[in-house]
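So the chains spell out like this:
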Amino acid sequence: AQTVTQSQPEMSVQEAETVTLSCTYDTSESDYYLFWYKQPPSRQMILVIRQEAYKQQNATENRFSVNFQKAAKSFSLKISDSQLGDAAMYFCAYRRSFYNQGGKLIFGQGTELSVKP
Amino acid sequence: EAQVTQNPRYLITVTGKKLTVTCSQNMNHEYMSWYRQDPGLGLRQIYYSMNVEVTDKGDVPEGYKVSRKEKRNFPLILESPSPNQTSLYFCASRTIAGRGYEQYFGPGTRLTVT
């Protein structure tokens, strides 16, 4: 069974600085997707960034980028120029490429990020 | 506006009193699912549906029921709620066309069972 692990329950960053959130996963599949979701105090789940396993290039979305290490099964999220609005719970998630159990997302435990002014 | 709606957003109930949390999407998505979120555990899938009248268990289905009589609606039913079902619940939907990346989440329902 696939698993996703976020080993940092809490992280803190100074405004305008850079922070990296860690995520590791375990799978025997070769084709899958990885995601980072942001959950602000409103509790809404917001997709931040996604990575397709077959793509070697790391995904980027404005100030958000990932470091995808397929062999190491690692998928970290880097937030550059951190802003107060980045404070939230961040979840790493995995999904198989072909729908199985409806394309179930498997989530990590979450990392609570605080941003200090 | 493309969205997934859930009702109610907050619910406090007592043990054993049947309740239903509704979920509706306006994107004609085939796939819908329910997740529960608990501290330290992330989100876990309860039930999912691939299309009308097609439903199956996820990872934590005990104590829950679902139905999919219409494509847009996927209600979650707790026949006899217990305190261990106190949680934050999310409904989600996505298309199964193409690579169907993005899963759209509802706003969440905070359920407390006393």
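Residues numbered from 1 in each chain as written. Chains lettered and ligands numbered in written order. Predicted model: local features only at pLDDT ≥ 70, side-chain atom pairs only at ≥ 80, totals over all residues. Heavy atoms only, no water.

Draft legend 1. Structural view of the overall build of chain B. Looking only at helices and strands, chain B has zero helices and eleven strands in total. Counting from the amino terminus, chain B carries its helices and strands in the arrangement β-β-β-β-β-β-β-β-β-β-β. Here the C-alpha atoms of chain B give a radius of gyration of 13 Å, agreeing with the 13 Å that 2.2 N^0.38 yields for 114 residues. Counting across all 114 residues of chain B, residues that qualify as buried make up 50%. For chain B, restricting intrachain contacts to residue pairs at least 6 apart in sequence, the fraction spanning at least 24 positions comes to 54%. Carbon and sulfur atoms form 50% of the exposed surface of chain B, whose accessible area is close to 5,200 Å². A distance of 3 Å separates the average location of the 14 positive side-chain charges in chain B from that of its 10 negative side-chain charges. (Helix = DSSP H or I, 4+ residues; strand = E, 2+ residues; numbered from the N terminus. Rg over C-alpha atoms; globule rule 2.2 N^0.38 Å. Buried < 20%, exposed > 50% of the residue type's maximum accessible area, 1.4 Å probe, protein only. Contact = heavy atoms within 4.5 Å. Areas by Shrake-Rupley, 256 points an atom, 1.4 Å probe, with all protein chains shown as cover. Lys, Arg positive; Asp, Glu negative; His and termini not counted. Charge placed at Lys NZ, Arg CZ, Asp CG, Glu CD.)

Draft legend 2. Quick look at the packing of aromatic side chains. All names here are of chain A. A complete count under the given rule lists 15 aromatic pairs over all chains for this structure. Each ring, one from Y25 and one from Y32, has its centre 5.4 Å from the other, and the planes form 65°; the classification is edge-to-face. Both residues of the pair, Y25 and Y32, belong to the buried class. Ring centres of Y33 and F35 lie 6.3 Å apart, and the angle between their planes is 70°; this geometry places the pair in the edge-to-face category. The pair formed by Y33 and F35 is uniform in burial state, with each residue classed as buried. (Phe/Tyr/Trp six-rings, centres within 6.5 Å; stacked < 30°, edge-to-face > 60°.)

Draft legend 3. Spotlight on the state of the cysteines. This structure, assessed with the given rule, holds two disulfides over all chains. Linked covalently through their sulfurs, A:C23 and A:C92 form a disulfide whose S-S length is 2.0 Å. Of note, the bridge from A:C23 to A:C92 carries an S-S torsion of about -70° and is left-handed in sense. Linking A:C23 in the loop between β3 (19–21) and β4 (24–26) with A:C92 in strand β10 (residues 88–96), this pair joins segments that are 69 residues apart in sequence. With respect to burial, A:C23 and A:C92 carry one shared label: buried. One disulfide in the model links B:C23 with B:C91; its S-S distance is 1.8 Å. (Disulfide = S-S within 2.5 Å.)

Draft legend 4. How the structure looks around the interface of chain A and chain B. Every contact between the two is made by 24 residues of chain A and, on the other side, 29 residues of chain B. When chain A packs against chain B, close to 2,200 Å² is buried across both sides, 48% of that on carbon and sulfur atoms. Put simply, chain A and chain B have one salt bridge between them. Between B:D59 and A:K104 there is a salt bridge, with its nearest N and O atoms 3.0 Å apart. For the interface between chain A and chain B, the tally reads five residue pairs in polar contact (both at pLDDT 80 or more). Those elements that provide at least two residues to the side of chain A that touches chain B are β5 (32–39), β6 (46–52) and β10 of chain A. Here the side of chain A that touches chain B gets four residues from one element, more than from any other, and that element is β5(A). When its residues are assigned to classes, the side of chain A that touches chain B shows ten nonpolar, eight polar and six charged. (Buried area = accessible area lost by both parts, 1.4 Å probe. Salt bridge = Lys/Arg side-chain N within 4 Å of Asp/Glu carboxyl O. Polar contact = N/O pair within 3.5 Å; in protein donor to acceptor, adjacent residues only side chain to side chain. Nonpolar A, V, L, I, M, F, W, Y, C, P; charged D, E, K, R; others polar.)

Draft legend 5. Region of the structure containing the pattern of salt bridges. On inspection of all chains with the given rule, the structure shows eight salt bridges over all chains. A salt bridge links A:K55 to A:E52, with the nearest nitrogen and oxygen atoms 3.0 Å apart. The partly exposed category is assigned to A:K55, whose relative accessible area is 38%. For the salt bridge of A:D86 with A:R63, the shortest nitrogen-to-oxygen distance reads 2.8 Å. Pair noted here: A:D86 is in the loop between β9 (74–79) and β10 and A:R63 is in the loop between β7 (60–61) and β8 (64–69), with a separation of 23 residues, a long-range link. The burial state of A:D86 is the same as that of A:R63; both residues are buried. Where salt bridges share partners, they join B:R36, B:D38 and B:R44 into one cluster.

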